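Geometric and topological summary
Below, each chain spelled out in residue letters.
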Protein chains: 2
Amino acid sequence: MKACVLYSGGKDSSLMGLTLKRLGFDVELITANFGVYNSFIPASLSAKALGLPHSVLNLDKSILQHAVNMILEDGFPNEGIKYIHNEVIEAAALKYPIVADGTRRDDKTPKLNRDQIQSLEARKNIQYINLDSFGFKTINTLVSSLFDVKKEKSNKDNSSDYEVEIRLLIDQMGGNSSELFPEHYQTNVVGLKG
Amino acid sequence: MKACVLYSGGKDSSLMGLTLKRLGFDVELITANFGVYNSFIPASLSAKALGLPHSVLNLDKSILQHAVNMILEDGFPNEGIKYIHNEVIEAAALKYPIVADGTRRDDKTPKLNRDQIQSLEARKNIQYINLDSFGFKTINTLVSSLFDVKKEKSNKDNSSDYEVEIRLLIDQMGGNSSELFPEHYQTNVVGLKG
């Protein structure tokens, strides 16, 4: 059965993709894009390293704009990113019978809670899967045994996170996105071990 | 890395075992026994069908006795079964660095909540894994694509659930366990597809 995984090229969504593949699903990795920047390229390279098909889910820029407005109003990015993630899941649910993402048991945001999952599955008649089975220690154990990764300072050309297009849009609007997003490290999957 | 799965031979714990195996863990399926009846035999046969090692986790009868007392006092089995499941997890956590079970996102009991999981992992310095990633529809999809199963009316010789020893102990004490446990169907994994 076909299952899509919302995919950034990072370790969590890569683990989700590989798990579903090994359980026999026909996995397609998808990365949302809002037309501001081709930020899906790092994800497409990681997908290739995993040997899994990858495609871009093109969504309307108005979603990104709304998230940016929220972030500028809030002064921090969490709610805006959560909004985008929910919109991406809803859009994916129109195209795939199974929608998965790499959110983990210990994640706070973006993450669907149990009620949101039940609502999504019922409204869209789909199945939703995440990494709630695993805590962060287990994720780390699995990632280090399964993947070769590359860790470097995050920038607009090595990340496929929502953050890339959010920041570019904020900066295009005359804002200063580096005040809202601290510098951080980015871990991308570059190969499969064994 | 070694991981044990609390194992009944049913579809949920079988899916947990196979998932961890396919992710590269050194999986050992374990079935708790309290010395009242050799109820682990159906589980050991299912484990063999999966090609995974199986062992019995022998625990003190006093745990079962305490659960039976709770069940008789409550007039229904949920809390007693939850008590047993927690005790089994605690015992397994003394022997294995990773403890997994087949509880699902939609299960109510026996099931650890998020706080109990965090407490367990911290107190015992272990990793705990369950099937929270998946809803019941996905479990059904996976089970039908992965396993051959046999479904029949549950009895003491085709089930390795905690219920078997609970019922026998209640009946040995002069009670009538069939008033507390409704007749139900039992699904055991008897083979691996493909």
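Our structure's up above, just so we're on the same page.
Cut-off values and rules
- Residues numbered from 1 in each chain as written.
- Chains lettered and ligands numbered in written order.
- Predicted model: local features only at pLDDT ≥ 70, side-chain atom pairs only at ≥ 80, totals over all residues.
- Heavy atoms only, no water.
- Pairing = 2+ DSSP bridges.
- Helix = DSSP H or I, 4+ residues; strand = E, 2+ residues; numbered from the N terminus.
- Axes fitted to C-alpha atoms, helices over the stretch in contact; angles between N-to-C directions.
- Contact = heavy atoms within 4.5 Å.
- Buried area = accessible area lost by both parts, 1.4 Å probe.
- Salt bridge = Lys/Arg side-chain N within 4 Å of Asp/Glu carboxyl O.
- Polar contact = N/O pair within 3.5 Å; in protein donor to acceptor, adjacent residues only side chain to side chain.
- Nonpolar A, V, L, I, M, F, W, Y, C, P; charged D, E, K, R; others polar.
- Phe/Tyr/Trp six-rings, centres within 6.5 Å; stacked < 30°, edge-to-face > 60°.
- Lys NZ or Arg CZ within 6 Å of the ring centre and 35° of its normal.
- Buried < 20%, exposed > 50% of the residue type's maximum accessible area, 1.4 Å probe, protein only.
- Right-handed = clockwise from strand over helix to strand, strands pointing away.
- Least-squares fit on C-alpha atoms with pLDDT ≥ 70 in both.

A few words now on the sheet that holds strand 4 (residues 98–104) of chain A. All names here are of chain A. Strand order in the open sheet formed by 5 strands is 3-2-1-4-5, with parallel pairing between adjacent strands. Both edges of this open sheet fall to strand 3 (54–58) and strand 5 (127–131), since each of them pairs with a single strand only. With direction set aside, neighbouring strand axes in the sheet form an average angle of 35 degrees.

It is worth spelling out the interface of chain B and chain A at this point. Taken residue by residue, the interface counts 29 residues in chain B and 29 residues in chain A. Interface of chain B and chain A: buried area, both sides summed, is about 2,500 Å²; carbon and sulfur atoms make up 51% of it. Summed over the shared surface of chain B and chain A, the number is 4 salt bridges. Salt-bridge contacts for Glu121(A) lead to Arg105(B); the nearest nitrogen and oxygen are separated by 2.8 Å. Counting across the chain B and chain A interface gives 18 residue pairs in polar contact (both at pLDDT 80 or more). Among the secondary structure elements, those contributing two or more residues to the side of chain B that touches chain A are helix 1 (11–22), helix 5 (114–124), strand 5 (127–131) and helix 6 (136–146) of chain B. Among the residues making up the side of chain B that touches chain A, the classes are represented as 13 nonpolar, 8 polar and 8 charged.

The subject of this paragraph is the sheet that holds strand 5 of chain B. Residue and element names in this part refer to chain B. With parallel pairing, the 5 strands of this open sheet are ordered in space as 3-2-1-4-5. At either margin of the open sheet sits one strand with a lone partner, and together these are strand 3 (54–58) and strand 5. Averaged over all neighbouring strand pairs, the angle between strand axes comes to 35 degrees, with direction disregarded. Sheet contacts for helix 1: strand 1 (2–6), strand 2 (26–33), strand 4 (98–104) and strand 5; angle to strand 4, the most-contacted strand, approximately 135 degrees.

Both the distance between ring centres and the angle between the ring planes are used here to describe each pair of aromatic rings. The full count for this structure, using the stated rule, is 0 aromatic pairs over all chains. The aromatic ring of Tyr185(A) is capped on one face by Lys151(A), whose charged end is 5.9 Å from the ring centroid.

A word on the side chain of Arg105(B). Along the chain, Arg105(B) falls in the loop between strand 4 and helix 5. With relative accessibility at 4%, the residue Arg105(B) sits in the buried group. In terms of polar contacts, Arg105(B) uses its side chain to reach the side chain of Glu121(A), at 2.8 Å. If near-sequence neighbours (up to four positions away) are discounted, Arg105(B) is found in contact with Arg114(A), Ile117(A), Glu121(A), Tyr128(A), Lys111(B), Leu131(B), Asp132(B), Ser133(B), Phe134(B) and Gly135(B).

What follows is about the pairing of strand 2 (residues 26–33) of chain A. Residues and elements named next belong to chain A. With 7 of 8 residues buried, strand 2 is to be regarded as a mostly interior element. As judged from the 5 bridges shared by strand 1 (residues 2–6) and strand 2, these two strands associate in the parallel manner. The partner of Leu-6 across the bridge, within strand 2, is Ile-30. Crossover strand 1 to strand 2 through helix 1 (residues 11–22) is right-handed. Note on the crossover from strand 2 through helix 2 (residues 41–50) to strand 3: the handedness is right-handed.

The pair of chain copies shares a relation made of a rotation about an axis and a shift along it. Screw-axis analysis of chain B against chain A gives a translation of 0.0 Å along the axis, an RMSD of 0.0 Å, and a rotation angle of 180 degrees. The operation mapping one copy onto its partner corresponds to a two-fold rotation axis. An overlap of 100% is found between the interface residues of chain B and their copies at the interface of chain A, pointing to a shared contact surface.

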